[in-house]
Amino acid sequence: MKNFRALAFFSFLVGFVLMGVSCKVRKYRKAANDDAVRELYSANEVETYFPGEVEREEVLISEMLSEENPTRKVDNICTRRRIGDHMCPELFLLGMQKGGTTSLWMFLVTSQGLKIQRPLNTYKDGAMPKEVHFFDKQDHYAEGPESYAEHFAVRDLESDVSLDATPGYLRYARVPSLMVATINVERSRFLIAVRDPVHRSYSWYTHILQRLIDRERFDASYQVFDYKFTLMSKYLPRLINSCVDDFVQQPELVFEGCWHLSPHLRKTSGVLINETGLPTVYPFIVNSIFTDSLYGYMMLHWFRYFSPEKFCIIVYENLVASFADELQHIAPCLKAFGREISESDVARGLPMKNHIKCATCKNFELLEEQELKAVGRDINQELFRRSNDVFRDIMREHYNRTGIANWEDAYIQ
């Protein structure tokens, strides 16, 4: 009997120790995996955010939406607005990249009458002068509001206004929560320029070949698809759409669930591309070509943090076709700062137009109009159609714009 009890106790002790070891191993594996994910997704030259810390994000959203705390109180240099301090921006051009944002920025900051101040400098040498990249780069945001404000002029008058035109902000799911915790929410206004999603996607594919393909990760991610937009379009929209299906019953959650760095889309790593025999690597790079064109779901995500009347949205194709008329759709956001677009401003016209060209790009897949139409028809059917419907509904409901063209119609033969 004593031997049995001793054996039982020994077995219990061994089991307890093994359970502890197992827990430590699981904890170690999880930590190692988290470190690997951060290593993969946080390189400075690529993207520095990935959607971790879900609990903290949910707590922040809960605080923001609670009846006891309908607006989150923030006390910093951005909200104090003191004369003699550097001024944080209160006007933002959020995106979209390759949607005409540079043209719109040039128009705004070169107007003598609007008196909208541009950044004094940017965090990164060689960056576009309009793009501060405070909210979409983790190391920049960590420096705090004082650092952000120092990139802009000193406030001389209460009415002074500066513009942060970082068009990457719109594409990062975490940016609006970081903004709420930093900026003067009551006074801030947001400008957005959108473009035919297929053309914007093809333009972003081209931009990477022009500017970023010499970086190892970008080249590796493109090589899987033999650098071809058509091959990316064959596989990626379907994979992204399967993610959208998981969230579509709550459309306001689609973008948070399916933006290019989301956990759901990390699962697209390792998908075999039959034509090249290669598995996908660094999928966030190529996924962004398409997820960045999900305007409808993006807007619903941002409306969780800011009310729709704080946004002014223009359509790039309309801006080219009827500059004066389309420009009036940003007037409400400018009026909030006592600014008005003058006839002389309108007479200057659109400073520049977007052109999809890559004459010196190695491996560039040039698609003629009919070829892009055929590819675009499939992408619209596979992915963009639902988001476009959401976007048009938003424009009708919140901005009384009933004449927004169906981009999909241009791809119907």
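Now for a look at the structure at hand. (Residues numbered from 1 in each chain as written. Predicted model: local features only at pLDDT ≥ 70, side-chain atom pairs only at ≥ 80, totals over all residues. Heavy atoms only, no water.)

## Description of the nonpolar core
And then number 1: Counting residues in hydrophobic clusters, the biggest one holds 86 residues, and the most contacted among them are Leu-94, Phe-135, Tyr-148, Met-179, Tyr-222, Phe-229 and Phe-290.
And then number 2: With nine residues, the single largest contributor to this core is helix α19 (residues 369–399).
And then number 3: When near neighbours in sequence (up to four residues on either side) are disregarded, Phe-229 contacts Ser-201, Tyr-202, Tyr-205, Ile-289, Phe-290, Glu-365, Leu-367, Leu-372, Val-375 and Ile-379. (Core = buried A, V, L, I, M, F, W, Y, C linked by side-chain atoms within 4.5 Å. Buried < 20%, exposed > 50% of the residue type's maximum accessible area, 1.4 Å probe, protein only. Helix = DSSP H or I, 4+ residues; strand = E, 2+ residues; numbered from the N terminus. Contact = heavy atoms within 4.5 Å.)

## Quick notes on the pattern of salt bridges
And then number 1: All chains considered together, the criterion is met by 16 salt bridges.
And then number 2: In this structure, Arg-81 and Glu-158 form a salt bridge, with 2.7 Å as the shortest nitrogen-oxygen distance. Of this pair, Arg-81 sits in the loop between α3 (77–80) and β1 (91–95) while Glu-158 sits in the loop between α6 (145–149) and β2 (163–164); the two residues are 77 residues apart in sequence, bridging distant segments of the chain. (Salt bridge = Lys/Arg side-chain N within 4 Å of Asp/Glu carboxyl O.)

## Thoughts on the packing of aromatic side chains
Pairs of aromatic rings are described using the distance from one ring centre to the other and the angle between the two planes.
And then number 1: Scanning the entire structure with this criterion turns up 28 aromatic pairs.
And then number 2: Both rings, one in Phe-134 and one in Tyr-141, keep their centres 5.2 Å apart while their planes meet at 50°; by these two values the pair is tilted.
And then number 3: Note on Tyr-141: relative accessible area 21%, which makes it partly exposed. (Phe/Tyr/Trp six-rings, centres within 6.5 Å; stacked < 30°, edge-to-face > 60°.)

## Thoughts on the packing of helix α8 (residues 197–211) against α19
And then number 1: Put simply, α8 and α19 touch, their axes get as near as 9 Å, and they point 115° apart. Here α8 is positioned roughly perpendicular relative to α19, judged by the angle of their axes. α8 and α19 meet at a crossing whose hand is right-handed. Within the contact between the two elements, α8 uses Pro-197, Val-198, His-199, Ser-201 and Tyr-202 and α19 uses Leu-372, Gly-376, Asn-380, Phe-384 and Asn-388. (Axes fitted to C-alpha atoms, helices over the stretch in contact; angles between N-to-C directions. Parallel < 35°, antiparallel > 145°, perpendicular 65-115°, else oblique. Left-handed = near helix turned anticlockwise from the far one by under 90°.)

## Thoughts on the side chain of Arg-81
And then number 1: A relative accessible area of 12% places Arg-81 in the buried class.
And then number 2: At 2.5 Å, the side chain of Arg-81 forms a polar contact with the side chain of Glu-90.
And then number 3: Residues in contact with Arg-81, not counting those within four places in the same chain, are Glu-90, Arg-155, Glu-158, Asp-160, Asn-184 and Arg-187. (Polar contact = N/O pair within 3.5 Å; in protein donor to acceptor, adjacent residues only side chain to side chain.)

## A few points about the pairing of β1
And then number 1: Most of β1 sits inside the fold, with five of its five residues counted as buried.
And then number 2: When β1 meets β2, the two strands line up parallel, connected through two bridges. Following the sheet pairing, Leu-91 is matched in β2 by Leu-163.
And then number 3: Here β1 runs beside strand β3 (residues 189–194); their pairing, made up of four bridges, is parallel. The partner of Leu-91 across the bridge, within β3, is Arg-189. (Pairing = 2+ DSSP bridges.)

Take it as geometry only, folks, not as evidence of what the structure does.
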